[in-house]
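Structural overview for review
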Amino acid sequence: MTSTVPPAVPHTTAQPPITMFGPDFPYAYDDFLAHPAGLGQIPATEHGTEVAIVGGGLSGIVTAYELMKMGLKPVVYEADQIGGRLRTVGFDGCSAAADESVLNCELGAMRFPPSSTALQHYIDLVGLTTTPFPNPLAESTPSTVVDLKGESHYAETVDDLPPVYRQVAEAWNACLEEGADFSDMNQAMRERDVPRIREIWAKLVEKLDNQTFYGFLCDSEAFTSFRHREIFGQVGFGTGGWDTDFPNSILEILRVVYTEADDHHRGIVGGSQQLPLRLWEREPVKIVHWAPGTSLSSLHGGAPRPAVTRLHRTAGNHVTVTDASGDIRSYKAVVFTAQSWMLLSKIDCDDDLFPIDHWTAIERTHYMESSKLFVPVDRPFWLDKAVDDEGNETGRDVMSMTLTDRMTRGTYLLDNGPDQPAVICLSYTWCDDSLKWLPLSANERMEVMLKSLGEIYPKVDIRKHIIGNPVTVSWENEPYFMGAFKANLPGHYRYQRRLFTHFMQELLPEDKRGIFLAGDDISWTAGWAEGAIQTALNAVWGVMHHLGGGTDAANPGPGDVYDAIAPVELPED
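All values reported here derive from a predicted model rather than from experimental measurement. (Residues numbered from 1 in each chain as written. Predicted model: local features only at pLDDT ≥ 70, side-chain atom pairs only at ≥ 80, totals over all residues. Heavy atoms only, no water.)

With that settled, consider the packing of helix H5 (residues 182-191) against helix H6 (residues 194-208). Between H5 and H6, the least distance of the axes is 9 Å, while the angle of their chain directions is 150°. As judged from the angle between their axes, H5 and H6 are roughly antiparallel. Between H5 and H6 lies a crossing whose hand is left-handed. Only Arg196, Ile197, Ile200 and Trp201 of H6 make contact with H5, whose side of the interface consists of Asp184, Met185, Ala188 and Met189. Here the contact of H5 with H6 is built from residues that sort into six nonpolar, no polar and two charged. (Axes fitted to C-alpha atoms, helices over the stretch in contact; angles between N-to-C directions. Helix = DSSP H or I, 4+ residues; strand = E, 2+ residues; numbered from the N terminus. Parallel < 35°, antiparallel > 145°, perpendicular 65-115°, else oblique. Left-handed = near helix turned anticlockwise from the far one by under 90°. Contact = heavy atoms within 4.5 Å. Nonpolar A, V, L, I, M, F, W, Y, C, P; charged D, E, K, R; others polar.)

On to the pattern of salt bridges, then. Under the defined criterion, the tally for this structure stands at 34 salt bridges. Between Glu50 and Arg329 there is a salt bridge, with its nearest N and O atoms 3.9 Å apart. With Glu50 in strand S1 (residues 50-54) and Arg329 in strand S11 (residues 328-331), this residue pair connects regions lying 279 residues apart in the sequence. In this structure Arg329 comes out as partly exposed when scored by relative accessible area, which is 25%. (Salt bridge = Lys/Arg side-chain N within 4 Å of Asp/Glu carboxyl O. Buried < 20%, exposed > 50% of the residue type's maximum accessible area, 1.4 Å probe, protein only.)

With that settled, the discussion passes to the packing of aromatic side chains. The tally for this structure, following the rule as stated, stands at 28 aromatic pairs. A centroid spacing of 5.4 Å and a plane angle of 50° characterise the contact between Phe223 and Phe232, whose relative ring orientation is tilted. A single burial state applies to Phe223 and to Phe232, both of which are buried. The interplanar angle of 80° and the centroid separation of 5.2 Å between the aromatic rings of Phe354 and Trp359 together place this pair among those described as edge-to-face. For the pair formed by Phe354 and Trp359, the shared burial category is buried. The rings of Phe25, Tyr27, Tyr29, Phe32, Tyr493, Phe500, Phe503, Trp524, Trp541 and Tyr562 are connected pair by pair, giving a single aromatic cluster. Between the NZ or CZ atom of Lys346 and the centre of the ring of Tyr480, over which it lies, the distance is 5.2 Å. The ring of Tyr428 has Lys372 lying over it, and the distance from NZ or CZ to the ring centre is 4.6 Å. (Phe/Tyr/Trp six-rings, centres within 6.5 Å; stacked < 30°, edge-to-face > 60°. Lys NZ or Arg CZ within 6 Å of the ring centre and 35° of its normal.)

Below, the discussion takes up the side chain of Asp323. Within the secondary structure, Asp323 is located in strand S10 (residues 318-323). The exposure class assigned to Asp323 is buried, which follows from its relative accessible area of 2%.

With that out of the way, let us pick up the sheet that holds strand S23 (residues 515-517). Read from one edge to the other, the open sheet built from four strands follows the order S2-S1-S12-S23, with strand pairing classed as parallel. Of all strands in the sheet, those bounded by a partner on one side alone are strand S2 (73-77) and S23. Between one strand and the next, the sheet's axes are offset by a mean angle of 20°, whatever the strand orientation. By the bridge criterion, five bridges tie S1 to S2 in an arrangement that is parallel. Of the residues in S2, the one forming a bridge with Ala52 is Val75. Relative to the sheet, helix H2 (residues 58-69) contacts S1, S2 and strand S12 (334-336), its axis offset from that of S1 by approximately 165°. Lying on the sheet, helix H16 (residues 529-546) is in contact with S1, S12 and S23; it crosses S23 at an angle near 165°. (Pairing = 2+ DSSP bridges.)

This brings us to helix H8 (residues 226-234). Within the sequence span of H8, burial applies to His228, Arg229, Ile231, Phe232, Gly233 and Gln234. In this structure, the buried side of H8 is in contact with strand S6 (144-148), helix H4 (163-180) and helix H7 (213-219). Taken from the residues just after H8, Gly236 is the one with a positive phi, measuring 60°.

Turning next to the confidence of the model for the protein. Low pLDDT means the predicted coordinates in that region are not meant to be read closely. For the protein, per-residue confidence averages 93 on the pLDDT scale, and residues scoring 70 or more make up 96% of the total. The low-confidence segment residues 1-12, where pLDDT is below 50, has 55 contacts with residues more than four positions distant or belonging to other chains. (pLDDT = per-residue confidence, 0-100.)

Time to look at the pairing of strand S18 (residues 401-404). Burial along S18 is two-sided: Met401 and Leu403 and Thr402 and Thr404, pointing in opposite directions, are all buried. One ladder, built from four bridges, connects S6 with S18; its direction is parallel. Note on S18: the bridge partner recorded for Thr144 is Met401. Two strands pair when backbone bridges link them, and S18 and strand S19 (residues 410-414) are joined in this way by two bridges, in the antiparallel orientation. Of the residues in S19, the one forming a bridge with Leu403 is Gly410. From the end of S18 to the start of S19, which pair antiparallel, there are five residues, and Arg409 there has a positive phi angle of about 60°.

Before going further, it helps to examine the side chain of Glu106. Mapped onto the elements, Glu106 comes out in strand S4 (residues 105-106). Reaching out from Glu106, the side chain makes a polar contact with the side chain of Thr88 at a distance of 2.6 Å. One polar contact links the side chain of Glu106 to the main-chain amide nitrogen of Ser272, over a distance of 2.7 Å. Apart from the residues lying within four places of it in its own chain, the contact partners of Glu106 are Arg87, Thr88, Ile268, Gly271, Ser272, Lys372 and Phe374. (Polar contact = N/O pair within 3.5 Å; in protein donor to acceptor, adjacent residues only side chain to side chain.)

Now for the sheet that holds S10. The strand order across the open sheet built from four strands is S11-S10-S9-S13, with neighbouring strands paired in mixed fashion. Across the chains shown, the open sheet's two edge strands, defined by having one partner strand only, are S11 and strand S13 (348-349). As paired elements, strand S9 (residues 308-314) and S13 share two bridges and run parallel to each other. In the strand pairing of S13, Leu311 is matched with Cys349.

Turning to unusual backbone geometry, a few remarks are in order. Residues Gly22 and Pro23 are joined by a peptide bond in cis, for which omega reads 10°. For Pro23, the location among the structural elements is in the segment before helix H1 (29-34). Look at Arg192: it is not a glycine, yet its phi comes out positive at around 55°. Tracing the chain through its elements places Arg192 in the loop between H5 and H6. Residue classification places Arg192 among the partly exposed positions, given a relative accessible area of 25%. Its identity as a non-glycine residue notwithstanding, Arg409 has a phi of 60°, on the positive side. For Arg409, the location among the structural elements is in the loop between S18 and S19.

With that out of the way, let us pick up the environment of Ala338. With respect to the element layout, Ala338 can be found in the loop between S12 and S13. Discounting chain neighbours no more than four positions away, the residues touching Ala338 are Val54 and Asp521.

Right, here's the structure in full:
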């Protein structure tokens, strides 16, 4: 999410790169994946053992892929389609003249920071490429318009905005320094200085667990001005206005800015859903037990099992899975990667699947709502040059990436090249702003959005360029998701810790072992694909350990070094 607010420590090639290394669990997942010794092995007596993977999103597919390589037989259950919230779709109704191969939209994840190094491992593995994403004021974004309270400002760089925006940027940097030791943590994460990361973060977790994002701003001397806080909420950093995040824990926000998850974003050429789909079809070169040419697809006859409808424990400490077809199978190990709320509603679960404290943590999960609406257009007309009332070119683009306090909030222009069909994300909204759209159809949403954008660009006829039907999503209304992603509220740190550390099953009673939680809402970085992968790798280690396997001494896994880097533990009393 390239920012309208510059990072406190500039990104330079002279420094080690920032990665999602910590702060809660500073383990080098990227090094673990890259090591020639591999992720570990299981006893030969367990080769071919079936392991259930509930959920075919990125976390589930990564888990299945890595367990398959070890010689296990993953059985993937998917209620909808492989990819989860990596969902790329096309448009209906585009003219036959349009090149529909470039016309798609990302209903879920659409931009990824370079700090997602474990994600990049899999992007490279399956041969995908990335390109800069046109976030507000990004180098790859021709221009940005900030429209607040009926006043618009055109900018190609942050310096083109009025001084108050730079004041807000400076206030945010000062706020991070005074309240969150930003520069020290940034440098410690660049250098992967584990003791320093843990020292800084332990103090902040204890101090800030009960604090909201907005309260953190209000406590800062740099943000005494309500006007500055208002602008920051509406324009903010990253994708734009983050006022919808104001009620959330400030710890959630610090994880984003420490790891530069809000900056330097890239999109996957051809769509993000290709990543799990290619992993599903990929035939690993190094694989144990299975014949060369084996893939997840071939082990499943081309399609995953249908939705899980029941999970319960049976004799021998097995977990038994019932699916929508009525099929019943028992497993020594199950990895649950779907949204946690599915365990409360869509799936009939025994209470003894998890300890009561883990059930409490699942029930306390707080999801962010999110909506998008896309339309296909005939060409990137926004690059046409605007003219004044006398017909003279102004040198400005007729339309820009737009941040506004109007209903659309964020509008993104997705270019496929000169005179090629293109895509506009007319609106990207969160939480209350997303709920405002919920009762409206795609066409009704489009009409409201075109009206809002017409007030910002009165001379631009967006409608005449539209060549197909709009596509929309409201993740809170998707039956197998019920929200876009988890975002902890103040006081939720203990709950998050319970869920993240669930893969360390020797800490659990013996009759509560064998089912492992994974997915981005189990991670410390919910909403980011990197978190989905990190928790998948935790679950891979957990299953391997549960079945009597282990890692190579040269490449210890997350569970092997857990005691040295375990997340901060706050008192329960």
